[in-house]
Amino acid sequence: MISGEKLKVMLSSADMEHYAISCDTLSSGNAQSRCAFRQILEDARGQCGFDAAGARVFVQVFPSKEGGCEMFVTKLGDCSKINLQSQSGNKKFFYAYSFDCLNKLLEACAAIQRLQYGEESLAYADTRKKRYFLTLETDIPNLSEFGGRKCRSNVRYYIAEHCKLICSGAVGRLADLA
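Residues numbered from 1 in each chain as written. Predicted model: local features only at pLDDT ≥ 70, side-chain atom pairs only at ≥ 80, totals over all residues. Heavy atoms only, no water.

The subject of this paragraph is unusual backbone geometry. For A20, which is not a glycine, the phi torsion comes out positive at approximately 55°. Among the secondary structure elements, A20 is positioned in the loop between α1 (13–18) and α2 (23–28). Phi is positive for N142, close to 70°, though the residue is something other than glycine. (Helix = DSSP H or I, 4+ residues; strand = E, 2+ residues; numbered from the N terminus.)

Put into C-alpha cells, the structure is as follows:
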C-alpha cells in the first residue's frame, strides 16, 4: 500500500498466468479482465488491507520487461457520491461548475449559502490542472459572477477519473472559509 487511497501491485509473468491476463487484456476492460482485476483487489485486501469495495478506481498499468506488470490503483471515492445517487438508488440530476482558483469556489459557496441552498453539494480538486469543481442538485444562475463556468453533464466522467473529492456538503463547509 502506498496510502489508504493508493496501491501498487507488482505482478510477475507467473502471476499474469495465474490470473489468466496480459497487459493488453487488462487495458481492454473486457469481462475476463474485470473479473481478474476484482480477484487481484480481493487478494490485495487480504494481504495488506487495501479495500476498494464500493469505490470507483483509476488504474494505470505498466508492462515490465519480464512479462509481468506494475499496476497503480487509486480509489476515487464512493460510487454513490460520484454518481450522485440517493439512498433509494434513484439517480439525481446535477449541475457542475468549474473554477480556476479555490478562492472563487469559496466565494461561490458563500453566495449559494446566502440563497439557503439545502441540497447535496460536492467539491472536487483537479491538482494537475489546478481547477476546482462544484456539483449541485439545482442550477444556480449567475455563478459566472464568481468565476464559475457551467460544465456539460459528461464532466462527471472527468471528475471521477481525474479529481479528488474535497468534501461533501461543500456549500455549507466551504462558505465559512470565503
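Once the structure has been displayed, the description carries forward.
Here the focus is the nonpolar core. Residues L105, I112, L134, L136, I140, L143 and L174 are the most contacted members of the largest nonpolar core, which totals 19 residues. When residues in this core are grouped by element, the largest group, six residues, is from helix α5 (residues 102–114). Apart from the residues lying within four places of it in its own chain, the contact partners of I112 are Y117, L134, L136, I140, L143 and V171. (Core = buried A, V, L, I, M, F, W, Y, C linked by side-chain atoms within 4.5 Å. Buried < 20%, exposed > 50% of the residue type's maximum accessible area, 1.4 Å probe, protein only. Contact = heavy atoms within 4.5 Å.)

Okay, the layout of surface pockets next. A probe as big as a water molecule, rolled over the atoms, marks out the empty space that is left. Of the volumes computed, that of the largest pocket is approximately 530 Å³. When residues of the lining of the largest pocket are traced back to their parent elements, those giving at least two are β2 (55–63), β3 (69–78), β5 (121–126), α6 (155–162) and β8 (164–168). In terms of residue count, the dominant contributor to the lining of the largest pocket is β3 (five residues). Along the lines of polarity and charge, the residues of the lining of the largest pocket split into six nonpolar, six polar and seven charged. (1 Å grid on protein atoms, 1.4 Å probe; cavity = no way out; pocket = protein on both sides within 12 Å on 5 of 7 lines; lining within 4 Å. Points joined across faces, edges and corners; volume = space filled by probe spheres on them. Nonpolar A, V, L, I, M, F, W, Y, C, P; charged D, E, K, R; others polar.)

This paragraph deals with the pairing of strand β6 (residues 131–136). As paired elements, strand β4 (residues 95–99) and β6 share five bridges and run antiparallel to each other. Its bridge partner lying in β6, A96 is registered against T135. As paired elements, β5 and β6 share six bridges and run antiparallel to each other. What sits directly across from L122, in β6, is T135. Between the end of β5 and the start of β6, which pair antiparallel, lie four residues, with K130 showing a positive phi angle near 50°. (Pairing = 2+ DSSP bridges.)

Next up on the list: the side chain of S121. If you trace the backbone, S121 turns up in strand β5. Accessibility expressed as a relative area gives 1% for S121, which makes it buried. Side-chain polar atoms of S121 contact the backbone nitrogen of A170, separated by 3.0 Å. Of note is the side chain of S121, whose polar atom sits 2.9 Å from the backbone nitrogen of V171. Residues within four places of S121 in sequence aside, it is in contact with L134, T135, L136, C167, S168, G169, A170 and V171. (Polar contact = N/O pair within 3.5 Å; in protein donor to acceptor, adjacent residues only side chain to side chain.)

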